[in-house]
Every structure is written in structure tokens, then in C-alpha cells.
Amino acid sequence: MHTDDYTPEIQHAARLLREGKLVAFPTETVYGLGADATNPAAIRRVFHVKGRPSSNPLIVHVPSFTELLRYIDFSRSKDPALLHNRLKALEHFWPGPLSVVAPRVREICADSCAGGDTVALRIPRHDMALQLLALSQTPIAAPSANPSMYISPTTAQHVRDNLGDLVDYVLDGGACDVGLESTVVSLLDEIPTILRPGAITASMLETALGCKVKDFAPRDDADISPLLSPGMLEKHYSPNTPVILRDKLDNATPLPTRVGVIRFSDTTEPLNTEAIKILSRSGDLSEIAANLFAALRDLDQMNLDMIIVDTCEPVGLGAAIMDRLLRASKR
Ligand code: TXA
Ligand code: MG
């Protein structure tokens, strides 16, 4: 595509990224806070704007599988041929909500990877993002575009609400389809390991790879190191209002005056409350995932005393939903 074929918004955003500026952009998962992954000053600003600990590495976004391979240093892999085969086996998930961790080439700056030797890479499934990445002609590091520890944004307005003037431009691509952050899988060792659960599940990865995949297990120690996902940090994705999971509700405990409720379908027993969000008529997990973060944000703005949220089986996409909810409910 010629530059003139892109919308003026995308041309503007790509120009800013190339100048080392910060551009929030839509993906199928959540909005990202993008910066040139080869520009240390731009990357340091991302950490500053988010209030993110410098020990938490960023995900780098690329527009194609060829580009993804380009930023991996196969010579530093324990088994370069195996790594290459595994990436080929995962290729059909892209563009999509999957990030892979592998040894990085030097071109990706160390700050972006929290000083580590590895990089998480993904190809987002969103036309505007893919066009932006293609036109920028540089790998784009993009954490979720929210202040560290708050709920990830699933609309451009969420980004403006949280980060306002701290970002140079917000590219508006509507609401995100998936609504939960990508699955992060490490391909550094013989057994692929899920570091953060998402819409691409362990069993989907096992089928594609033809080998055992170590599924994500919540950990109780809260150590942060560049090789662990901060997804492993206990508290994360938290609204300011206390969140209580409905299956933890003790009937004997009196509820505070102003309670909001997030229901997964319209069949669960209603509670008599101030504000109710129903995420899906039929309890469909994809719909629940897509609507969850916006519902948490909306209720968080109402100055309620408590938000009660339904729960689901932690299986498939339900594992990612329950992972985010358990973290949101940690005080
Ligand atoms: O869906 C997504 O992945 C979104 C959109 C914008 O693409 N991005 C996102 O980025 O969620 P962030 O920064 O909020 O989360 C990045 C996750 C963290 O859990 C981080 O620890 C992990 O990816 N990660 C990044 N680089 C890593 C590395 N080299 N090794 C291990 N984990 C890594
Ligand atoms: Mg995040």
C-alpha cells in the first residue's frame, strides 16, 4: 500500500510513532500504549506514563509473521530448529490474541524488555493496528493503555479518561472484540509455558504444537522478575471500588448501602441493587470477556461501596476471565 492509501489518522499516528511519540491504538484484545521499540527514550516515557515498574517487560507488536521472525535471535535459542517449528505451528493463530516469548535481537531496546534477553511478540487482529504497524515500519512496544494496576481499556474513551494529555494521540478503532489481554506463552524452554491466560487456551496451543503445554497456575508469591509476567502479580486489573466475587458472598453478611452487580447472564438470581450490568443474555463467555472491563469501569465511576461479580468455571476462556476477576478482587 502507498502512504496516501492510509487514512489521515493512521498516517498521523505512524509519523508520531516514528518521531518517538506515544500513540494509543486499538487491538482485538485491549487498547495499547504504543511506542517505537527501538527507541529507548520513547520506551522510558511509556513506563513513566503508566507508572509501570521498569522490571515489567512490554509486548512488541508487528504486522506480519515475517516481521515476527525478524525480531527473534534464533542463535540464542536452546534449540533454534525446534523454536522455528513451534512458531510455524502457531502461525495460524496470527493475527490474534497470542504473544510468544523468545530470545530478542539487539534492535529491540533493552528497556522495552525490562533489561532481559527475551521479547514477547504478537501480531494483533485489528485492521487499524495492522495498518499502523505496517506504515510505522518499526516494531511497536505496547502495554495496555491504562495506569499500572488499573483495568485495561477496551475503548478509546477509556484511554482518554485515564491518560488524557499524557499520550500524544489516541487512534479510535471502536470497542475491542476480545476484551481480555493476549495469552502470553514462553517458548524459551522445552515445555512451552503459559505466563498469562487469554483467549488462546492451553489446549488450543497443545493441539497446534503437538506437545504438552504448561498451563498458567496462579502463584501465591508475588515476586516480580523480568522473566515472569506481571500477570502473576496478585493485585492487578483493579477498580478502586472493592470487588467481591459472588460465590464468596456470605448470605449472613449484610451488604453495604450502595452495591453494584455484574451478572454473566440474565438467568442468575437478581440482587436488589443500585446498578446492574448484564454481560451476556445467554452467559456466552466471549460476550462476557468482551464486556467485562467496560462494566467494571462504569460501576467504578458510580462511587459504590462494593461491586459484586458473577463467576464461571475456570475452563477455556473462563480461565482468563476468572484470572482477571480474582486479581480485581484482591485488596
Ligand atoms: O493483549 C495484549 O497483550 C495487550 C495489547 C495492547 O496487545 N498488551 C498487554 O501488554 O497486555 P501489558 O504490558 O499490559 O502486558 C504484557 C504482559 C505482561 O504480563 C508481561 O510480563 C508479559 O506480557 N511479558 C512481556 N514481555 C515478556 C518477556 N520478555 N518475558 C515474559 N513475560 C513478558
Ligand atoms: Mg496491562
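What you see is a predicted model; the values in this text were computed from it and never measured.

What counts, and at which threshold
Residues numbered from 1 in each chain as written. Chains lettered and ligands numbered in written order. Predicted model: local features only at pLDDT ≥ 70, side-chain atom pairs only at ≥ 80, totals over all residues. Heavy atoms only, no water. Pairing = 2+ DSSP bridges. Helix = DSSP H or I, 4+ residues; strand = E, 2+ residues; numbered from the N terminus. Axes fitted to C-alpha atoms, helices over the stretch in contact; angles between N-to-C directions. Contact = heavy atoms within 4.5 Å. Buried < 20%, exposed > 50% of the residue type's maximum accessible area, 1.4 Å probe, protein only. 1 Å grid on protein atoms, 1.4 Å probe; cavity = no way out; pocket = protein on both sides within 12 Å on 5 of 7 lines; lining within 4 Å. Points joined across faces, edges and corners; volume = space filled by probe spheres on them. Nonpolar A, V, L, I, M, F, W, Y, C, P; charged D, E, K, R; others polar. Core = buried A, V, L, I, M, F, W, Y, C linked by side-chain atoms within 4.5 Å. Salt bridge = Lys/Arg side-chain N within 4 Å of Asp/Glu carboxyl O. Left-handed = near helix turned anticlockwise from the far one by under 90°. Parallel < 35°, antiparallel > 145°, perpendicular 65-115°, else oblique.

Read from one edge to the other, the open sheet built from 4 strands follows the order E10-E13-E11-E12, with strand pairing classed as parallel. Two strands bound the open sheet, and with one partner strand each, they are strand E10 (243–245) and strand E12 (275–278). Looking at each pair of strands side by side, their axes are set apart by 20° on average, direction ignored. Contacts from helix H8 (residues 285–300) reach E10, strand E11 (259–263), E12 and strand E13 (306–309) within the one sheet, and its direction differs from that of E11 by about 170°.

All of the buried residues in helix H1 (residues 8–18) are Ile 10, Gln 11, Ala 13, Ala 14, Leu 16 and Leu 17. On the buried face of H1, the contacting elements are strand E1 (23–25), strand E2 (32–36), helix H5 (127–136), strand E6 (140–141) and strand E7 (169–170).

Take the environment of Val 178 next. Along the chain, the position of Val 178 falls in the loop between E7 and strand E8 (183–186). Since its relative accessible area comes to 12%, Val 178 is described here as buried. Taking the C-alpha atoms as reference, Val 178 lies 15 Å from Arg 122; in sequence the two are 56 residues apart. Ignoring any residue separated from it by four or fewer positions in sequence, one finds Val 178 in contact with Glu 28, Thr 29, Arg 125, Ala 199, Ala 289 and Ala 290.

Space inside the second largest pocket adds up to approximately 420 Å³. Lining the second largest pocket are 27 residues, with Pro 197, Phe 216, Pro 314, Ala 319 and Asp 323 positioned closest to its centre. When residues of the lining of the second largest pocket are traced back to their parent elements, those giving at least two are strand E9 (193–196), helix H7 (202–209) and helix H9 (317–328). Here the lining of the second largest pocket takes 5 residues from H9, the largest share from any one element. Class assignment for the residues of the lining of the second largest pocket results in 13 nonpolar, 6 polar and 8 charged.

Read from one edge of the open sheet, 9 strands run E7-E1-E2-E6-E3-E5-E4-E8-E9, paired in mixed fashion. Each edge of the sheet is formed by a strand with only one pairing partner; in this case those strands are E7 and E9.

Moving on, we come to the nonpolar core. If you look at the biggest cluster of nonpolar residues, it comprises 52 residues, and the most contacted ones within it are Leu 68, Leu 87, Val 100 and Leu 205. In terms of residue count, the dominant contributor to this core is helix H2 (residues 40–50) (5 residues).

This paragraph deals with the pattern of salt bridges. Evaluation of the coordinates by the stated rule reveals 19 salt bridges. Between Asp 168 and Arg 45 there is a salt bridge whose closest N-O contact spans 3.0 Å. With Asp 168 in the loop between helix H6 (156–163) and E7 and Arg 45 in helix H2, this pair connects stretches of sequence that are 123 residues apart. By relative accessible area, which is 32% here, Asp 168 ends up partly exposed. With a relative accessible area of 29%, Arg 45 lands in the partly exposed category.

With that out of the way, let us pick up the packing of helix H4 (residues 80–90) against H7. At a closest axis distance of 8 Å, the pairing of H4 and H7 adopts a crossing angle of 115°. When you trace H4 past H7, the crossing you get is right-handed. Side by side, H4 and H7 meet where Arg 86, Ala 89 and Leu 90 of the first sit next to Leu 205, Ala 208 and Leu 209 of the second. Along the lines of polarity and charge, the residues of the contact of H4 with H7 split into 5 nonpolar, no polar and 1 charged.

This next bit is on the pairing of E8. Of the two faces of E8, both are covered, the one formed by Thr 183 and Val 185 as well as the one formed by Val 184 and Ser 186. As defined by bridge partners, strand E4 (residues 98–103) adjoins E8 across 4 bridges and the pair is classed as parallel. Its bridge partner lying in E8, Ser 99 is registered against Val 184. Across 3 bridges, E8 lies against E9 in antiparallel orientation. Note on E9: the bridge partner recorded for Val 185 is Ile 194.

Glancing now at the pairing of E2. Buried residues dominate E2, accounting for 5 of its 5 residues. In the sheet, E1 pairs with E2 via 3 bridges, with the strands oriented antiparallel. Residue pairing for E2: Ala 24 is matched across the bridge by Leu 33. If you look at the hairpin formed by E1 and E2, you'll find 6 residues sitting between the two strands. Where E2 meets E6, 2 bridges bridge the pair, whose relative direction is antiparallel. Paired with Ala 35 across the strands is Ala 141, a residue of E6.

On to the packing of H1 against H5, then. Packing of H1 against H5 leaves a shortest axis separation of 9 Å and a crossing angle of 50°. As summarised for this structure, H1 and H5 are arranged oblique, according to the angle between their axes. In terms of crossing hand, the pair formed by H1 and H5 is right-handed. Across the interface between the two elements, Ile 10, Gln 11, Ala 13, Ala 14, Leu 17 and Arg 18 of H1 pack against Met 128, Gln 131, Leu 132, Leu 135 and Ser 136 of H5. Considering only residue class, the contact of H1 with H5 consists of 7 nonpolar, 3 polar and 1 charged.

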